Amino acid sequence: MEETEQERETVPVPESGINLEVIMKRTKIKWGEFIPLYIMALPGLIYLFCNNYMPMFGVLLAFKKLDVRKGILGSDWAGLNNFKFLFQSSTAFTIIRNTVLYNVVFIVLGMVISVTFAILLNEIRSRLVSSVYQSLVLIPFLMSWVVVSYLSYALLANDTGLINNSILKALGMETVNWYMEKKYWPFILFFCNIWKSTGYSMIIYYSSIVGISKEYYEAAAVDGATKWQQIRKITLPLLKPTLITMTILSVGRIFASDFGLFYQIPRNSGALYGVTQTIDVYVYNALMKNGDFGMSSAASVFQAAVGFVLVVTTNAIARRYSKDNAIF
Amino acid sequence: MNNSKFWSILSNGVMILFSVLSLLPFVLLVIASFTDNQWALANGYSFFPGKWSMDAYRYIATEWDTIGRAYLVSISVTLAGSFISICISSMLAHALSNSRLPGGRILNFLCVFTMLFGGGQVASYYVWSNIFHIRDTAFALVLPNLLMSAFNVILFKNYFTVNIPASLKEAARMDGCGEFRMFWRIIMPMSLPITATVGLMTGLAYWNDWTNGLYYLSQRNGSKYYTVQLLLNQINENIAWIVSNGSTVTVNASEIPSTTIRMAIAVVGVLPVMVIYPFLQKYFVKGITIGAVKE
C-alpha cells in the first residue's frame, strides 16, 4: 500500500528535469547547494571531534609520565612503564577476571532468561494484559543505578535492612553483614543486573518474535505440533538473527563493565573489591581517588584497545557466518 | 488440563511473578519513606511498618533550598541536553542522508567509527577537564558523552531515508525553499515519532546521569550544580566515608539525612519519570526496539 502511494507521489514531479540536473551535478559539483548542508552537519561533527576524536589522541597519556603543567605532549615519555606497573600489580588480574567473568555470565544467563520470558509473554493472548506486563517489567530500566543502590540498601543494610530484620531474624538465623562479606556478592550483582536489564532485553526479543508470521504457527498447529515443538522448530530458529546480533554487541563489550552496577550497588566498599571491582571501577578509583594518571590511563587504554579488537573480530565472524547478521 | 490452558497459566504466572519482582523494591522504597524514623531504626525497613510518618517529606519541604535547587538543575539539564542533542543529531543526519553530498561517505565513516573505538575514560576526562576546563561548571553535566551518539544520528538518518521521499525534497528545492527552512518546516514535522523516541531516551539518560557529576563536579566547588541523582550519590559517599573511617570528624553527621529521609529523596528523584512513564510508554518501548531492528 505505502509503496504504491510513494510511487504515485513521485510521478507528478517532472522526471526528466531531475535526471538532467543530477547529470549536470555529476559533472560539476555546485558547492553553493551543499554549503547549507555542511553548516548543518558542523555542530554535530565538532561535538564528535571534541568528545570522541580528541580522546583518541589522549591514548598517548598511557605512554607518558604525565606532568599536568606540561600537558600531554610536553610530558616525558614513559614507554610501556605504565602498563608494566599495572600488570605487575595483583589488581590487574582481579579486575580483568571480574569484568570478563561477570560479562560472560550476564550474556549467557541473561539471554536464556530474557528469551524464555519473551516467549512466555508472546503466549499471552490479551493485548491489554500483555501491555500491562510490559509496562511493569520496564520499571527497573527507568531507574538510575544510584536509585537502585537505595533499593538494594533497603534490603541489605546491616542495621535497617529488610532481609536482616524481617527475614533472617524472623527465621531465627544469624544476621549477615552484607556489605562486608565477599561470598554473597557474585549472586547479588547477578541478581541486580538481571533485575534491571531483563525487561529491556525481553522487549527486544519479544518485538522480534511478534514479527514472525502467524501462518507458520497455524500450519504447525494443523499438523498437530505441540506448543513446545512450535517454540523449538519455529520461534527459536527465526529468533536466531536477533540472538546473534545481540551476542555480537555484548561480546564486543565484554571488557567494558556497567560502572553503575559495580560502583553503586556495593557502595564502593573496599572490603568487597576482590569480587566487585571491574576495570571501570578501578579506573575511577585510580584516577579520581588517587590521582594516578599512569595506572588508570594504562587500564583504560588497554580496555579500549581490546574492546576495539573484539568488536571488529566478532563482527568479522558474524559476517563470514551470515552477512545479514553483521553490524557493519 | 489441556495444552493451551497449561501455557496460559504458565505464561501468566511467570509474567505476574516478574512484574511483582520489578515493582516490589520500588514499593518498599515508597513505604520506607513514609515510615517513622525511630521505628525504622529499631525494626528495619518493612513492607508493613508499625508506625507511619510524613516527617521525611516535611524535612524535604524545609530543606527545599538544596533539594529544590537540585530538582531545578536536573530539569534544566534534561531539557537543554535533549533539545541540543536532537538538534545537532538530526541536522547531521539530514546532511548525511543526502547521497550526493561531496565527502558524505567519509563523514559517515567518521561518525560510525566513534561507535567502534574510543580513547577510554581517562583520556576523555583529560580532554574535558584540562583542555576544555569544564570542571565545576554547568557544562560538566551536559557536554561529556551524553550530548550526541553516532547511534542516534544513524537512527535519524535511517528514518529520513525511509520516510521522507526524495521527490518531496526535490520539489521543495525547486519551489525555492532553502535547505534550513525545508529541514525545520517540512522534514522535522514529518519525523515526530523518531524525534520523540530519541528525545525521550536522551532525556532519560540525562535525568538518570550521575557519572558526569562524579567525574567533573567536586564536592567543594561544584555542589551548586548537583542534580537530584548527584545529591543521592553524595549522601551515599558521605555514609561510606563514615563507615570506612569509623568517625564523623570530617563529615558533619548532620549533613547525612536520617534513614527514612534518604528514601524520601530517592522517591522524589524517580517520581517525575514514574509519573511521565505511563503516558509515554509507547515511545519507551519503541526506543528500545528501534535499536535492535536493523533497517
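Computed from a predicted structure; not experimentally measured.

## Observations regarding the overall build of chain A
Within chain A, the regular secondary structure consists of 17 helices and 2 strands. Across chain A, every contact between residues at least 6 apart in sequence was considered, and the portion connecting residues at least 24 apart equals 63%. When the accessible surface of chain A is totalled, it reaches about 16,800 Å², and 65% of it is carbon and sulfur.

## Some thoughts on the overall build of chain B
Secondary structure summary: chain B contains 14 helices and 0 strands in total. Its helices and strands taken in sequence order, chain B reads α-α-α-α-α-α-α-α-α-α-α-α-α-α from the N to the C terminus. Over its C-alpha trace chain B gives a radius of gyration of 24 Å, far above what one expects of a compact globule, namely 19 Å for 295 residues. Long-range pairs, those at least 24 residues apart, make up 70% of the contacts in chain B between residues at least 6 apart in sequence. Counting only carbon and sulfur atoms, one obtains 66% of the accessible surface of chain B, whose full area is about 13,500 Å². Across chain B, the centroid of the 18 positively charged side chains sits 10 Å from that of the 12 negatively charged ones.

## A word on helix 11 (residues 185-210) of chain A
Helix length check: helix 11 of chain A, at 26 residues, gives a terminal C-alpha distance of 36 Å against a target of 38 Å (1.5 Å per residue), a fit within 8%. Of all bends in helix 11 of chain A, the biggest is about 45 degrees, found at A:Ser197.

## Things to note about the side chain of B:Gln234
Residue and element names in this part refer to chain B. Structurally, Gln234 is set in helix 13 (residues 228-245). Residue Gln234 is classed as buried on the basis of its relative accessible area, which comes to 12%. Filtering out sequence-adjacent residues up to four positions away, Gln234 remains in contact with Gln219 and Tyr226.

## Re the confidence of the model for chain B
Confidence in the prediction of chain B, expressed as mean pLDDT, is 86, and 93% of residues score 70 or more. Predicted complex, confidence summary: ipTM 0.90, pTM 0.88.

## Describing empty space enclosed by the protein
Residue and element names in this part refer to chain A. Across all of its chains, the model carries 2 cavities of 30 Å³ or more by this definition. Looking at the largest cavity, its volume works out to about 50 Å³. Of all the secondary structure elements, the ones that give two or more residues to the lining of the largest cavity are helix 6 (90-122) and helix 13 (227-252). Among the elements that make up the lining of the largest cavity, the one with the highest residue count is helix 13 (4 residues). Partitioning the lining of the largest cavity into residue classes produces 4 nonpolar, 3 polar and 2 charged. Estimated volume of the second largest cavity: approximately 30 Å³. Around the second largest cavity, the lining residues are Leu86, Ala92, Ile95, Ile96, Ile279, Ala299 and Phe302.

## Considering the pattern of salt bridges
Considering all chains together, one arrives at 6 salt bridges over all chains under this definition. The residue A:Glu123 makes a salt bridge to A:Arg125 at a minimum N-O spacing of 3.9 Å. Here the residues in one salt-bridge network are B:Arg100, B:Glu170, B:Arg173 and B:Glu179, joined through shared partners.

## Overview of the side chain of B:Ser74
Residue and element names in this part refer to chain B. Relative to the helices and strands, Ser74 resides in helix 4 (residues 64-96). For Ser74, the side chain forms a polar contact with the main-chain nitrogen of Val228, separated by 3.1 Å. Apart from the residues lying within four places of it in its own chain, the contact partners of Ser74 are Trp207, Thr227 and Val228.

## Comments concerning the environment of A:Phe83
For A:Phe83, the location among the structural elements is in helix 5 (residues 81-88). Placed 39 residues apart in sequence, A:Phe83 and A:Gly44 show a C-alpha to C-alpha distance of 34 Å.

## Overview of the interface of chain B and chain A
Interface size is often expressed as the accessible area that is lost when the parts come together. At the junction of the two partners, chain B supplies 101 residues and chain A supplies 103 residues. Buried area between chain B and chain A, summed over both chains or domains, comes out near 9,200 Å², and the portion from carbon and sulfur atoms is 74%. For the interface between chain B and chain A, the tally reads 0 salt bridges. Run the count over chain B and chain A and you get 21 residue pairs in polar contact (both at pLDDT 80 or more). When residues in the side of chain B that touches chain A are grouped by element, the largest group, 17 residues, is from helix 1 (residues 3-33) of chain B.

## Digging into the nonpolar core
Of all hydrophobic cores here, the largest spans 174 residues; its most connected members are A:Met143, A:Trp185, A:Ile265, B:Met15, B:Leu29 and B:Phe160. Top element by residues in this core is helix 14 (residues 259-292) of chain B. It accounts for 15 residues. Setting aside residues up to four positions removed in sequence, B:Met15 forms contacts with A:Phe117, A:Leu120, A:Leu121, A:Ile124, A:Tyr133 and A:Met202.

## Here's the deal with the confidence of the model for chain A
When pLDDT is averaged along chain A, the result is 84, and 89% of the positions lie at 70 or above. Here residues 1-17 of chain A is a poorly scored stretch, pLDDT under 50, and it has 7 contacts once near neighbours within four places are set aside; other chains count.

## Some words on the packing of aromatic side chains
Under the defined criterion, the tally for this structure stands at 36 aromatic pairs over all chains. Centroid distance A:Phe106 to A:Phe262: 6.4 Å. Interplanar angle 25 degrees. Geometry classified as stacked. In this pair, A:Phe106 sits in helix 6 while A:Phe262 sits in helix 14 (residues 259-264), placing the two residues 156 residues apart along the sequence. A residue is classified by how much of its surface remains accessible, and A:Phe262, at 3% relative accessible area, is buried. Each ring, one from B:Trp64 and one from B:Tyr71, has its centre 6.0 Å from the other, and the planes form 45 degrees; the classification is tilted. Its relative accessible area of 43% is what places B:Trp64 among the partly exposed residues. The structure contains a cluster of three or more aromatic residues connected by ring pairs, namely A:Phe259, A:Tyr263, A:Tyr284, A:Phe293, B:Tyr125, B:Tyr126, B:Trp210, B:Tyr215 and B:Tyr216. Across from the ring centre of A:Tyr153, 4.0 Å away, lies the NZ or CZ of A:Arg267, which sits over that ring.

## Some remarks on a nonpolar patch on the surface
On the surface, a nonpolar cluster with roughly 360 Å² of combined accessible area is contributed by A:Val104, A:Val105, A:Val108, A:Leu109 and A:Val112. If you trace the backbone, A:Val105 turns up in helix 6.

The rules behind each value
Residues numbered from 1 in each chain as written. Chains lettered and ligands numbered in written order. Predicted model: local features only at pLDDT ≥ 70, side-chain atom pairs only at ≥ 80, totals over all residues. Heavy atoms only, no water. Helix = DSSP H or I, 4+ residues; strand = E, 2+ residues; numbered from the N terminus. Contact = heavy atoms within 4.5 Å. Areas by Shrake-Rupley, 256 points an atom, 1.4 Å probe, with all protein chains shown as cover. Rg over C-alpha atoms; globule rule 2.2 N^0.38 Å. Lys, Arg positive; Asp, Glu negative; His and termini not counted. Charge placed at Lys NZ, Arg CZ, Asp CG, Glu CD. Expected span 1.5 Å × (residues − 1). Bend = angle between axes of the 7 residues up to and from the residue. Buried < 20%, exposed > 50% of the residue type's maximum accessible area, 1.4 Å probe, protein only. pLDDT = per-residue confidence, 0-100. 1 Å grid on protein atoms, 1.4 Å probe; cavity = no way out; pocket = protein on both sides within 12 Å on 5 of 7 lines; lining within 4 Å. Points joined across faces, edges and corners; volume = space filled by probe spheres on them. Nonpolar A, V, L, I, M, F, W, Y, C, P; charged D, E, K, R; others polar. Salt bridge = Lys/Arg side-chain N within 4 Å of Asp/Glu carboxyl O. Polar contact = N/O pair within 3.5 Å; in protein donor to acceptor, adjacent residues only side chain to side chain. Buried area = accessible area lost by both parts, 1.4 Å probe. Core = buried A, V, L, I, M, F, W, Y, C linked by side-chain atoms within 4.5 Å. Phe/Tyr/Trp six-rings, centres within 6.5 Å; stacked < 30°, edge-to-face > 60°. Lys NZ or Arg CZ within 6 Å of the ring centre and 35° of its normal. Patch = residues over 30% accessible without salt bridge, like charges linked within 9 Å, V, L, I, M, F, W, Y side chains within 5 Å.

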